[in-house]
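In case you want the letters, here they are:
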Amino acid sequence: MCGIVGYTGKSPCGGFLYEGLKRLEYRGYDSAGAAFCTTEGIFCQKKRGKVQNVRSFCLRRRETTGIAHTRWATHGKPNDLNAHPHVFGHFALVHNGIVENAEALRSQLLTPCRSETDSEVLLHTIAACYEGDLLQAVRNALTQCSGSWAIAVISDYHPEEIVCARRQSPLVVGKGKNGIFVASDVYALHGLCEQIFLPPEDSLVRLRRPAAEREEAERIEGIAGDTGVTGGAGIAGVEAFDMQLSPLPVLPQAMPPMPPIQSIGHRTHMEAEIEEIPRAVSDTARSLAQANLPDLPKVQAVFATGCGTAFHACVAFRYRMQRYGKPIIAEQAGELRSGCVRFPKNSLLVAVTQSGETADTLAAIRLAKSQNVQTLVITNVRHSSAAREADFALFTEAGTETAVAATKSFNCQLMALYFLAAKCVGRPVPDFTDLPSLCEAAVEADVTQAVKKLYKKRGMFCLGQNADYAIAREGALKIKEICYLFSEGYPAAELKHGSLSLIESGFPVLAIVTQKSALKKMKNTLREAKSRGATTLVLSQYREALAEADVPVLLPMAEEDLMPILAVIPLQKIAVELCLKKKLSPDYPRNLAKSVTVE
Ligand code: F6R
């Protein structure tokens, strides 16, 4: 969700900012911009479309203080005017998040805003609060705001500083040899600085470069509000906080942007990430073996939550836990957090999140903590907010996932959840030894005929039972999000209770059949669909199920418990191949961004 990068220091910073934006582009790519300042003024360019559009502007600038942004629209269409940075008078701002009371604040402004954004309203409010100290102006403006934010503000009154603030939105400060950086994501800082500092929730930070004649070194000052207080009040009672710098975490492999596609031997990052699944599951198995968990069998009720793909992993977990006889509720994080849930005594909240920064999932963790419920996060990012806030963490080792659509992270989430399910009931943990080679075989599955059949279709069903239903939902989501083909993941047995009416000649029905116990029911469902004209596609390791298909996709034969981890791979491949056949971009699907840090 939007990317922020800023710098103040001794060097011209256009190149740093552009490099940072390229790395953050996976977070939002509908517009981009940068603003630089000196005592002579603020120089800004922002444009609809990809980061590339502001490249030559950034690389030309010689200023040593600047902020930049890549956007995923929340308020106002993606266009040049709504793009960030916003500039008003002597001030410029970049913002991730949502100012919820922007309309009330807008009505109090003396000068009308030029854009439709809540962010520009915040900037005008900062300008109105300015009385000579930029940090105080930002602080006073934020006391009037409710919502969430990560912001960076510059002013030509103070060309040697950047003021940043965060509430419920990630922000990281980095210290390099020649200056100080701020970014919404640590990826942006790799290669640029050696140490980082993570400002606490509800805090303000001032980054100041040394004015050679006055000071020796850069200064970072910060003040914190009352953590977790909503509304404006949190910022008012501020106090200084301890600014502990820590080394920049080592990331597992190439940071976004990944090397150019040509050099990695794939047409798209998504394809490369699918091919990486065998490595990812092998590293995740190692990571799980080192897990440090609480005494789980004592837990009486388990809640599993996440969003999108991560939630689908929770659905698979639910079936596994039910089979083990353990009470479990799996609910999307956005629903869980807004449903006034009262967690029973002795519950555990399991939150699944690749990025560890998804706003709804973080809110669910905070809700559980506010009721003294133990929280365990399954995440791919060790330094993420979720990893820091939850009581316990299991780390997947999928490596950086750049393509917007999740792939390898899902396979690893399933592993972690199956591992956790066994731990919850005191059973032996699954044996993942053969999983990497089985995944290799699944990556090789031939999906050519399936893609041909789906090309030009306007809708489809993905069906499954129990764990296969979780995989059907995930496959349907992949196809929806990158192929723009409406597809619904559905429990097979439900079809006849209404949705069967959608089936007509040539309507694609894709079934996942990896569990022997489901064979009979799935065969019936496929026959019912076929007798109404459906074109059937079946993913299975069982010949008996494949025999029902117009298009069979053979899965590798493995222990049934591991099959969902394998079955999703050909679905990910179908999505990417279909997307390419439609001449769409799997890495940058419309309207989407990786890591949804707004609510
Ligand atoms: C789909 C996808 C999203 C994410 C969801 C949660 O391909 O990527 O549905 O799974 O936004 O993201 P994380 O796991 O980062 O919390």
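Definitions and cut-offs
Residues numbered from 1 in each chain as written. Predicted model: local features only at pLDDT ≥ 70, side-chain atom pairs only at ≥ 80, totals over all residues. Heavy atoms only, no water. Patch = residues over 30% accessible without salt bridge, like charges linked within 9 Å, V, L, I, M, F, W, Y side chains within 5 Å. Areas by Shrake-Rupley, 256 points an atom, 1.4 Å probe, with all protein chains shown as cover. Salt bridge = Lys/Arg side-chain N within 4 Å of Asp/Glu carboxyl O. Lys, Arg positive; Asp, Glu negative; His and termini not counted. Charge placed at Lys NZ, Arg CZ, Asp CG, Glu CD. Helix = DSSP H or I, 4+ residues; strand = E, 2+ residues; numbered from the N terminus. Pairing = 2+ DSSP bridges. Contact = heavy atoms within 4.5 Å. Axes fitted to C-alpha atoms, helices over the stretch in contact; angles between N-to-C directions. Expected span 1.5 Å × (residues − 1). Buried < 20%, exposed > 50% of the residue type's maximum accessible area, 1.4 Å probe, protein only. Near = heavy atom within 4 Å. Polar contact = N/O pair within 3.5 Å; in protein donor to acceptor, adjacent residues only side chain to side chain. Nonpolar A, V, L, I, M, F, W, Y, C, P; charged D, E, K, R; others polar. Domains from an automatic or database assignment. Right-handed = clockwise from strand over helix to strand, strands pointing away. Parallel < 35°, antiparallel > 145°, perpendicular 65-115°, else oblique. Left-handed = near helix turned anticlockwise from the far one by under 90°. Core = buried A, V, L, I, M, F, W, Y, C linked by side-chain atoms within 4.5 Å.

Trainee: Just checking my understanding: could you explain a positive patch on the surface for this structure?
Mentor: A cluster of basic residues, Lys452, Lys456, Lys581 and Lys583, forms a positive patch at the surface. For Lys581, the location among the structural elements is in helix α20 (residues 563-581).

Trainee: When you look at the sheet that holds strand β3 (residues 41-48) in this model, what are you seeing that I'm missing?
Mentor: Two strands in a sheet stick together by hydrogen bonds in their backbones, pointing the same way (parallel) or opposite ways (antiparallel). Here we have eight strands laid out as an open sheet, ordered β3-β2-β4-β1-β10-β9-β11-β15, and antiparallel in their pairing. One side of each edge strand has no neighbouring strand; the edge strands of this open sheet are β3 and β15 (246-247). Pairing between strand β1 (residues 3-9) and strand β4 (residues 65-71): six bridges, direction antiparallel. Residue pairing across strands places Gly3 opposite Thr70, the latter belonging to β4. Relative to the sheet, helix α1 (residues 14-24) contacts β1, β2 (31-38), β4 and β10 (179-183), its axis offset from that of β1 by approximately 160°.

Trainee: Looking at this structure, I do not really get helix α9 (residues 277-289). What am I missing?
Mentor: Helical periodicity: at 3.6 residues per turn, an α-helix aligns residues three or four positions apart in one direction. If you check α9, its first and last C-alpha atoms are 18 Å apart, about what 13 residues at 1.5 Å a residue would give, namely 18 Å. Where α9 is concerned, the buried positions are Ile277, Pro278, Ala280, Val281, Thr284, Ser287 and Leu288. Its buried side turned inward, α9 meets α8 (269-275), β20 (392-395), α14 (408-424), α15 (435-443) and α20.

Trainee: Would you take a moment to explain the pattern of salt bridges for this structure?
Mentor: Pairing between side chains of opposite charge can happen when their charged atoms approach one another. Counted according to the given criterion, the structure contains 28 salt bridges. Here Glu194 makes a salt bridge to Lys177, at a shortest N to O gap of 3.8 Å. Of the two residues, Glu194 sits in the loop between β10 and β11 (195-197) while Lys177 sits in the loop between β9 (172-175) and β10, which places them 17 residues apart along the sequence. Residue class for Glu194 comes out partly exposed when judged on its relative accessible area of 41%.

Trainee: Before we go on, may I ask you to explain the environment of Lys480 in this structure?
Mentor: Of note, Lys480 is situated in helix α17 (residues 467-483). Owing to a relative accessible area of 34%, Lys480 belongs among the partly exposed residues under this scheme. With 71 residues separating them along the chain, Lys480 and Ser409 place their C-alpha atoms 18 Å apart. Apart from residues no more than four positions distant in its own chain, Lys480 is found in contact with Leu485, Phe486 and Ser487.

Trainee: Hey, could you run me through the environment of Val153 in this one?
Mentor: Relative to the elements of secondary structure, Val153 occurs in strand β7 (residues 147-155). Taking C-alpha positions, Val153 is 41 Å from Ala575, a pair spaced 422 residues apart along the chain. If near-sequence neighbours (up to four positions away) are discounted, Val153 is found in contact with Ala92, Leu93, Ile126, Leu134, Val138, Glu161, Ile162 and Val163.

Trainee: Can you help me understand the sheet that holds strand β17 (residues 328-332) in this one?
Mentor: Taken in spatial order, the five strands make up an open sheet running β17-β16-β18-β19-β20, and their pairing is parallel. If you trace the sheet from one side to the other, it starts and ends with β17 and β20, each paired once. Here the average twist between neighbouring strands, direction ignored, is 20°. Pairing geometry for strand β18 (residues 347-353) and strand β19 (residues 374-379), over six bridges, is parallel. Among the inter-strand pairings, Ala351 is bridged to a residue of β19, identified as Val377.

Trainee: Sorry if this is basic, but what is going on with the site of the ligand here?
Mentor: For the ligand, the set of nearby residues contains 15 residues, the closest of which are Thr353, Gln354, Ser355, Thr358 and Glu481. With respect to the ligand, the side chain of Ser355 contributes an N or O atom lying 2.6 Å from an oxygen atom. In the environment of the ligand, an oxygen atom lies 2.9 Å from a nitrogen or oxygen atom belonging to the side chain of Lys478. Here the ligand loses 87% of its free accessible area of 400 Å² to cover by the protein chains. Broken down by secondary-structure element, the contributors of at least two residues to the shell around the ligand are α10 (308-323) and α17. For the shell around the ligand, the residue count by class is seven nonpolar, six polar and two charged. The residue makeup of the shell around the ligand includes at least three contributed by each of domain 2 (261-433) and domain 3 (443-585).

Trainee: How do you make sense of unusual backbone geometry when you look at a structure like this?
Mentor: If a residue is not glycine, its phi is most likely negative; likewise, a peptide bond is most likely trans. Omega for the peptide link from His84 to Pro85 comes to 0°, which places this bond in the cis form. Not every positive phi belongs to a glycine, and Asn372 is a case in point at roughly 60°. One non-glycine residue with positive phi stands out, namely Asn466, at about 50°. By the element assignment, Asn466 lies in the loop between β21 (459-464) and α17. In this structure Asn466 comes out as partly exposed when scored by relative accessible area, which is 39%.

Trainee: I'm lost on the pairing of β18 in this one. Help?
Mentor: Side chains on a regular strand alternate between the two faces of the sheet. Buried residues dominate β18, accounting for seven of its seven residues. By the alternation rule, side chains of β18 split into Ser347, Leu349, Ala351 and Thr353 and Leu348, Val350 and Val352, which are all buried. Two elements, strand β16 (residues 301-306) and β18, share five bridges in a ladder whose sense is parallel. If you follow Thr305 over to β18, its bridge partner there is Ala351. Crossover β18 to β19 through helix α12 (residues 359-370) is right-handed.

Trainee: Is there a simple way to think about the packing of α9 against α15 in this case?
Mentor: Packed helices, taken two at a time, are described by their axes: the angle between them and the distance between them. α15 packs onto α9 with a crossing angle of 160° between their chain directions and a minimal axis gap of 8 Å. Considering the angle they form, α9 stands roughly antiparallel to α15. For the crossing formed where α9 meets α15, the hand is right-handed. Contact residues: α9 offers Ile277, Pro278, Val281 and Ser282, while α15 offers Leu435, Pro436, Cys439, Glu440 and Val443. Partitioning the contact of α9 with α15 into residue classes produces seven nonpolar, one polar and one charged.

Trainee: How should I be thinking about the nonpolar core in this particular structure?
Mentor: Considering soluble globular proteins, one finds that nonpolar side chains tend to be buried as a cluster. By size, the foremost hydrophobic cluster in this structure holds 84 residues, and its most contacted members are Phe317, Val350 and Leu420. Summarising the domain contributions, this core has at least three residues from each of domain 2 (261-433) and domain 3 (443-585). Excluding residues that lie within four positions of it along the chain, Leu420 makes contacts with Leu293, Leu296, Phe317, Val350, Leu376, Ile378 and Leu394. Among the nonpolar cores identified, the runner-up in size contains 26 residues, and Val121, Cys129, Tyr130 and Ala137 belong to it.

Scope: geometric values only; no functional claims are made or implied.
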